[in-house]
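# Report on the structure
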Amino acid sequence: MKLKLLLFASLLFSGLYAGAQDDIRVEGTVSFEQDGTPLPGVNVLVEGTQIGTVTDFDGNYSLTAPSDATLVFSYIGFKQQKVGISGRSRIDVAMEEDLAKLDEVVVVGYGTQRKVNLTGSVSSISSEELSDRPITQASQALAGLSSGISVQQGSGRPGSDGASIRIRGLGTFSGAGNEPLVLIDGLASSINDIDPNNIKSISILKDAASASIYGTRAANGVILIETKRGSSGDMKVSYNSYIGWQKVTQLPDFLDAEGYARMRNEANRNQGQADAYTEEEVGWFADGSDPDNYPNVPHLKNLLRSGSGFQTNHNLSFTGGNEKNKYLFAFGYLKQDGVVAENTYNKYNVLLNFDSQIKENLNLKVSLNGYSSDTNEPRQYDGDLTSIIGYAVRQGPVYAGRKSDGTYGYQDNYSPEAWLASESFSSRRNKYFLGGTELTWNLFEGFELSGKAGFKYFGYENKDFSSSFIFDENKTVGPNNLNVQDGENQLVTLQALARYTRDFGAHNLSFLAGFSQEEYKDSFLRGYRDDFPNNELYELNAGAQSNMQAYGSGASWGLRSFFGRVNYNYAGKYLFEANARYDGTSRFPKDGRWGFFPSFSAGWRISEESFIKENAGWIQNLKLRASWGMLGNQNIGNYPYQNVLTLGRNYPFGGNLISGARLTNLANTDITWETTSVTNIGLDFSILKGALDITAEYFDKTTSDILYQVSVSDVLGLTPSEVNAAEVRNNGFEMSVNYTMDLGNFNIGISPNFSYTKNRVTKLANGLQQDIGQGLFVGHSVNSTYGYVADGLFTDADDIANYPDQPYQAEPGFVRYKDISGPDGVPDGVVDATYDRKVIGSYFPKYAYGLNLNADYKNFDLSAIFQGLAGYKRQIGSYQAYAFFNGGQIQQWQADGRWTEENPDRNAEYIKLTSLNQGSGTLMPSTFWNRNAGFLRLKNLQIGYSFPKKILEILKVTRLRVYAGGQNLFTLNDFYKGWDPEMGQEASDNSPFYPITSVYTFGVNVNF
């Protein structure tokens, strides 16, 4: 045995020695091809190994490598080079500058442009920035990735967890809305209608110069989504998948039953009432000896942990073809189980893209995208799932859940355990299709014609069944009832384009002319019946006929447009672009139906000037640009200029109820679209051979002719229509930085972005300065909060007597409101609503920021996305903010920070404990209850490992990567304790909600 081991060791040593004999020492210099300047920091690697080095300050390198190996030279801003050693001991390399970044193409309205030639404000996001993240809706993907946009995900509700997107502020407060126009492969749709796995790129058009070609639909910006397409070659198969689990990001810390009872007693004593619970009863709550009558049930926590929270996503794609015909087919499946039991969401996606060169000058492009989804949720008798959650916040731990005899504890008609056990449900079935076909004909060099037809369809079927239910022998809720609604909408798009491009020496010209027509229709039917024989039969016909009801409606609108664009640049230095669109819409009267929306932009590529090239060659790109233009918003309803009769206004006649109709709204025959004008100044700066890119912009955006309802005398007898009479201005600054660093085996990318937007109402109807009911105040942000300025809490009766009179019956431990003015403009010793309220905050964030980090070392990769919003304040629902509100709960922070007679702290975190309701004077809107809603969130974190080439060869795959990560992993904020500041809630008596969730995932990417 020893002899065999010695022989083996000898052979192994001989083999290694022989291999070593083939290694040689290679040295050389790496320089810039254009001028021979040495390049320090160039990575030199032996291909297929981890052996490598970096050039020194003078561009020199040396390493030992096999004589037949290949050296790989790489450096940011230069093209990678591979050089075979072939036994040579010296290899000098001259590297060629990589202008790929300068040649990067960005999708713009009705076409593409080189990024360096852009004169408008456009942000682009690639598929790499979206890939492998556990996002269920594409709108979530934009958070933290681009300047100039504010992204807020208000809910984690399966199937309804998309984020709201605002581009450069709130342009209007009318029903026209602030949603950007979204186009998928050139057709209008919703951003959440596309599987994030199938997105190739996203372009965000932020100013009028880039967006005005979309006219009356572009006032809130435009988002262009291009889907992935096929490529020539053998079929390639890609499979991406992950599994994960959701968990609520933040949960409030409610007191247990013993603590609740003690604090309830204190609240009663503060009101001069007897204790609600005896000491013996408090003890029973504490020891749990009688859980039916003296329970200790954390209803909200149990509810939000009753579901598995399991989530999985799968995407399988096939791509291939030849030079003339290319295809991509992708199929996706998403399953999302909520954090609440009986709550599921399933979605099936399909994408088919086909490109064909029919003839040398005739090309066909087909894009088909669709999905089918279904959502199932529990519901309570008179509300949906979010209402169950909202009332679980109210229900204290002293109410039982399911008792030992099978009955349920309840508060009024509410018990989350009971409604989860009931047969009540909500069901949503959706079907969506988006298809487009485009034919392009190149008539001669530089000139082409194209025609496009698109069709979008969305159909839905909703069922809401409320079962009758027995809580116990004393309470039954009923009768059972069913609401059913079926509907559909469709949009037909026809489009024709003509493009012409021509170069005249240093002069470059391109023209675009187009025509577009869109026709939209929708309709729905709704039926209702109650008193079903049992809770197992919930088809409409099974219900009683005595109270059956039916409704139905339909609507349509049309838009016809002519548009054009001219681009000119001289020698790549001086850039000019003009856009114009002429829109006609059915939503306006005939005399004012058409509107004209122009824009102009110019750019100066200073880096192309000789004085920069000769004296500052380290600047790769320096461009100054400016633009101005007008945009429109026609989303104001279908028939605002017509006197429309309202049906269902029945009246008695001859002892019978006769079907009737009447005019309820006074039409405005002069109504027109809201118009937005935007001025933009931008600077693009790129140095370090493209390793550092900086973009900075200033914008000024004013929306005029905002629709506003003017108050009139009740003598009119009709609801007045809206008139174009208000104005809102947004201006601000935004900046984005992208830095990449190549350190051989270690590479890193850092991309921060920042936006500041000042939003304010500048005009209301008839010279009004404020509309308190709608939260509108000239000089202040849309959705402003109006209330009193708090000055701490009253400490005792003397404090109340010596302080200005309050607008409510003040007590020690309640909020003091400041006397800030009076009839003569100075404090008058009386606090009242007329003179002592002011704007105390805004619900819209002034600041939005993000940070995208990427790093890789050998086969490992790491990415992190941070997102933040700041500069705004808000409140949450009454049950969440106030202890014992309308019989509600109490949280730990309220108990710990409360004002007491023993500790009468003027600056206590929470007021004196009492019973509260919506009319309680100490709860009036004030700075005491406003909270800073800003936050910084780790939106996504992921670490991955890609298997090396030798393993891929064994497995016969071209890529295999595994990863682990998460979404919404932690949040820094100074909001109400236990409540996520991003979560959508209203500061009202009952504020239904669904909490935002964190998602922890494990995934795999495989390419064949």
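Scope of this entry: the structure provided in the associated data block. (Residues numbered from 1 in each chain as written. Predicted model: local features only at pLDDT ≥ 70, side-chain atom pairs only at ≥ 80, totals over all residues. Heavy atoms only, no water.)

### Here's the deal with helix α3 (residues 257–270)
Helix length check: α3, at 14 residues, gives a terminal C-alpha distance of 20 Å against a target of 20 Å (1.5 Å per residue), a fit within 8%. Of the positions making up α3, those classed as buried are A257, G259, Y260, A261, M263, R264, N265, E266, A267 and N268. Looking at the buried positions of α3, the neighbouring elements they touch are α4 (279–287) and α11 (892–896). Just past α3, the residue G272 takes up positive phi, approximately 75°. (Helix = DSSP H or I, 4+ residues; strand = E, 2+ residues; numbered from the N terminus. Expected span 1.5 Å × (residues − 1). Buried < 20%, exposed > 50% of the residue type's maximum accessible area, 1.4 Å probe, protein only. Contact = heavy atoms within 4.5 Å.)

### Section: the side chain of S155
If you trace the backbone, S155 turns up in the loop between β11 (149–152) and β12 (164–167). The buried category is assigned to S155, whose relative accessible area is 14%. At 3.0 Å, the side chain of S155 and the backbone nitrogen of R157 are in polar contact. For S155, the residues in contact, after removing those within four places along its chain, are S160, D161, Y994, P995 and I996. (Polar contact = N/O pair within 3.5 Å; in protein donor to acceptor, adjacent residues only side chain to side chain.)

### Some remarks on the sheet that holds strand β6 (residues 81–84)
Read from one edge to the other, the open sheet built from 4 strands follows the order β3-β2-β5-β6, with strand pairing classed as antiparallel. Taken across any chain shown, the strands that pair with only one partner, and hence form the sheet edges, are β3 (52–54) and β6. The mean angle between the axes of side-by-side strands here comes to 20°, regardless of whether they run parallel or antiparallel. Judged from the 3 bridges that link them, strand β2 (residues 43–46) and β3 form a sheet pairing that is antiparallel. Its bridge partner being in β3, L45 is matched across the sheet by G52. (Pairing = 2+ DSSP bridges. Axes fitted to C-alpha atoms, helices over the stretch in contact; angles between N-to-C directions.)

### Considering the packing of aromatic side chains
On inspection of all chains with the given rule, the structure shows 52 aromatic pairs. Judged by centre distance (6.1 Å) and plane angle (10°), the rings of Y570 and Y574 are stacked. Judged by its relative accessible area of 32%, Y570 is partly exposed. A relative accessible area of 36% places Y574 in the partly exposed class. Among the aromatic side chains, those forming a connected cluster through ring pairs are Y391, Y414, Y879, Y882, F885, W893, Y910, F928, W929, F975 and Y976. Seen from the ring of Y551, R526 lies directly overhead, with NZ or CZ sitting 4.6 Å from the centre. For R931, the ring lying beneath its charged end belongs to Y976, and the centroid distance is 4.3 Å. (Phe/Tyr/Trp six-rings, centres within 6.5 Å; stacked < 30°, edge-to-face > 60°. Lys NZ or Arg CZ within 6 Å of the ring centre and 35° of its normal.)

### A word on empty space enclosed by the protein
Taken as a whole and assessed by the stated rule, the structure comprises 10 cavities of 30 Å³ or more. Here the largest cavity is characterised by a volume of approximately 110 Å³. Breaking the lining of the largest cavity down by element, the ones donating at least two residues are β13 (181–184), β14 (187–189), β26 (481–504) and β27 (507–530). Taken together, the residues of the lining of the largest cavity sort by class into 6 nonpolar, 4 polar and 3 charged. (1 Å grid on protein atoms, 1.4 Å probe; cavity = no way out; pocket = protein on both sides within 12 Å on 5 of 7 lines; lining within 4 Å. Points joined across faces, edges and corners; volume = space filled by probe spheres on them. Nonpolar A, V, L, I, M, F, W, Y, C, P; charged D, E, K, R; others polar.)

### Side note on the sheet that holds β14
Taken in spatial order, the 5 strands make up an open sheet running β10-β15-β16-β13-β14, and their pairing is mixed. The open sheet has two free edges, formed respectively by β10 (122–126) and β14, since each of these has just one partner strand. Going across the sheet, the axis of each strand differs from the next one's by a mean of 25°, ignoring polarity. Pairing between strand β15 (residues 199–205) and strand β16 (residues 222–227): 6 bridges, direction antiparallel. Bridge pairing in β16 links I204 to I223.

Keep in mind that these numbers describe shape and distance, not what the molecule does.
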